[in-house]
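Examination of the molecular architecture
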Amino acid sequence: MICKVKNAVERYNMPLFGRTVAVGLSGGADSMALLHVLLELKDEFSMNIIACHVNHGIRGETADRDEKFVVEACKRLGVDVRVLKVDVPSMAKKMHLGIEECGRRVRYDFFNSVADDVIIATAHTLSDRSETLLLNIARGASVKGLCSIPAVRGNIVRPLIDCTRADIEKYCSDNSIEFVTDETNFEDIYSRNRIRLNVIPELKKLNPSLEKAFMRLISNAEEENDFMNGFSREILGKVKLEDGYNAKLLNEQHPAVRKRVIFEIINTETGIVPEAVHVEQVDKILQGGRTEIIGETIVEVKNGIMKINPEKEEIFDWEFEFNLSEANAALGGLKFEIIHRNNLPPKQSVHNKVLDYESIIGHCVLRNRRPGDKMKLAGSSCTKTLKKLFNEKHIENRNSAAVLADEAGICWVQGLGCADRCKIKPETDKILIIGEDKQND
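Quick summary incoming for the structure in this document. Just so we're clear, the structure is a prediction, and the values are computed from it rather than from any experiment.

1. A short note on the pairing of strand S20 (residues 409-413)
In terms of burial, S20 is a largely internal element, four of the five residues being buried. Where strand S19 (residues 403-406) folds back onto S20 in an antiparallel hairpin, the turn is made up of two residues. In terms of strand pairing, S20 meets strand S21 (residues 417-418) through two bridges, oriented antiparallel. Across the sheet, residue tryptophan 412 finds its bridge partner in S21, namely cysteine 418. Connecting S20 to the antiparallel partner S21 that follows it, the hairpin turn spans three residues, and glycine 415 within it adopts a positive phi of roughly 95°.

Spelled out as structure tokens, the structure:
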């Protein structure tokens with residue numbers, strides 16, 4: 001197994017030579033094997049090794065047992081060991097994170113703190129990589145997801161990445177390496193455990209060399225992903241403008257490249273890793289439009305230029321009194337007409353520009369939209385803010401859109417249609433038709 005590790009260090013250009021290496025040591029077979037292998041290579045690679053153990057405060061006495069085992073094992077081996085004991089569940093609650101994500105952040109922050117310019121070595125194996133690959137596939141992975149766990153990411157290296165769990169067990173047995181076992185590894189209530197305990201054994205019945213096959217798949221995916229990343233960066237450089245991005249040029253690219261560039265733009269501009277749905281939203285408006293992604297981040301494409309969070313235009317509120325008794329008039333660039341149901345033109349849209357006149361309640365105004373405006377659109381099952389409705393309909397001139405409102409709320413919105421309570425009903429007699437006032441064109 002030493003040869004496999006040395007080959008992996010060379011193959012993936014792991015920066016171990018002459019460095020201080022923080023070894024993530026849980027006390028399990030994988031991490032104990034990693035520590036022993038790196039101690040074997042310590043002089044050859046001129047490494048300074050520090051063992052790091054985190055007691056997450058989750059497994060009670062068992063976790064305390066593991067901590068004690070790690071400390072005693074390092075003492076026998078003459079290895080400097082650092083221990084962090086932390087209540088991850090409480091911390092996760094305060095940070096509004098999942099326990100697994102919070103634990104991951106705690107571990108890596110701790111590993112990075114033990115020395116300046118440290119290299120972190122974790123005990124992920126080819127078996128872990130295979131499980132992650134299957135998890136990613138089940139979640140609808142892209143080519144990037146098929147790359148599974150990277151052998152090197154920043155200052156994190158995984159020297160056992162080409163070793164299987166069987167390799168680890170044999171190495172521990174051959175070298176009389178003691179380790180502890182996490183009892184939760186055998187509970188199939190976790191997704192990864194279900195894959196390890198149930199799925200992979202079945203797949204190995206089809207192909208006993210499953211992990212080697214997955215290794216080929218991952219290697220091919222890494223090569224293609226690396227090429228696509230490089231090419232996408234070239235395109236990103238070409239579409240970048242001083243005041244945004246060239247949406248026309250971006251839209252001309254192959255979808256696979258285009259979506260990667262959109263991903264990078266969103267990630268760079270917001271500092272947030274976007275989901276596939278956010279990339280799709282932006283991809284749909286490249287010929288013009290506006291959409292909201294990741295909280296209140298706005299992406300707008302206008303005149304062939306895409307901007308993230310464009311400067312908000314200054315909005316001036318306007319409002320006109322709407323006299324129901326004098327509805328047959330022009331107001332705010334719109335023409336209003338009251339007719340009897342029998343006179344409704346046959347092709348007139350039922351929801352867009354007509355409404356039940358008698359459903360309008362009390363004082364009525366025609367105005368622009370205001371913060372917090374919401375309505376249940378005719379034919380819809382729920383109430384939504386106008387902001388959300390405008391985004392869904394890709395309406396650009398939302399701040400100039402006219403809103404007809406009465407004492408009960410919004411009756412009608414230009415470009416969206418009427419509220420559900422104001423739609424035409426079987427008993428409706430008087431109908432209010434709203435059209436463009438062509439005299440104002």
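2. Concerning the side chain of histidine 56
With respect to the helices, strands and loops of the structure, histidine 56 is situated in the loop between strand S2 (48-55) and helix H4 (61-77). Ignoring anything within four residues of it in the chain, the contact list for histidine 56 reads Val86, Asp87, Val88, Pro89, Gly103 and Arg107.

3. Looking at helix H14 (residues 276-284)
Of the residues making up H14, those classed as buried are His278, Val279, Val282 and Asp283. Buried residues of H14, viewed axially, fall in a sector of 140°; they line one side. Away from its buried face by more than 90 degrees, H14 exposes Ala276 and Lys284.

4. Quick word on the sheet that holds strand S1 (residues 20-24)
Sheet architecture is open: six strands sit in the order S3-S2-S1-S4-S6-S5, paired in mixed fashion. Of all the strands in the sheet, just strand S3 (80-85) and strand S5 (152-153) have a single pairing partner and so form its edges. Bridge count for S2 against S3 is six bridges, and the pairing is parallel. Pairing of cysteine 52 across the sheet is with arginine 82, part of S3. Along the sheet face, helix H2 (residues 29-40) touches S1, S2 and strand S4 (119-121) and points at about 160° away from the line of S1. Contacts from H4 reach S2 and S3, with the element oriented near 165° to S2.

5. Structural notes on the sheet that holds strand S11 (residues 305-308)
The five strands are arranged S7-S8-S11-S10-S9 in an open sheet whose pairing can be described as antiparallel. Two strands lie at the open edges of the sheet, namely strand S7 (240-241) and strand S9 (289-293), each paired on one side alone. Across two bridges, the pairing between S7 and strand S8 (residues 244-246) is antiparallel. Note that in S8 the partner of leucine 241 across the bridge is glycine 244.

6. Structural notes on the packing of aromatic side chains
One pair of aromatic rings is described through two measures. These are the centre distance and the angle between the planes. Under the definition given, this model contains five aromatic pairs. For the ring pair tyrosine 108 and phenylalanine 111, a centre distance of 5.9 Å and an interplane angle of 85° mean the geometry is edge-to-face. Of this pair, tyrosine 108 and phenylalanine 111 both sit in helix H6 (residues 99-113), separated by three residues, roughly a single helical turn. Take tyrosine 108: its relative accessible area is 11%, and that puts it in the buried class. Measuring from ring centre to ring centre gives 6.1 Å for phenylalanine 110 and phenylalanine 111, while their planes differ by 45°; the resulting arrangement is tilted. Just as phenylalanine 110 is buried, phenylalanine 111 falls in that class too. Taken together, the ring pairs in this structure connect Tyr108, Phe110 and Phe111 into an aromatic cluster. For lysine 240, the ring lying beneath its charged end belongs to tyrosine 245, and the centroid distance is 5.0 Å.

The rules behind the values
Residues numbered from 1 in each chain as written. Predicted model: local features only at pLDDT ≥ 70, side-chain atom pairs only at ≥ 80, totals over all residues. Heavy atoms only, no water. Buried < 20%, exposed > 50% of the residue type's maximum accessible area, 1.4 Å probe, protein only. Helix = DSSP H or I, 4+ residues; strand = E, 2+ residues; numbered from the N terminus. Pairing = 2+ DSSP bridges. Contact = heavy atoms within 4.5 Å. Arc of directions from axis to C-beta. Axes fitted to C-alpha atoms, helices over the stretch in contact; angles between N-to-C directions. Phe/Tyr/Trp six-rings, centres within 6.5 Å; stacked < 30°, edge-to-face > 60°. Lys NZ or Arg CZ within 6 Å of the ring centre and 35° of its normal.

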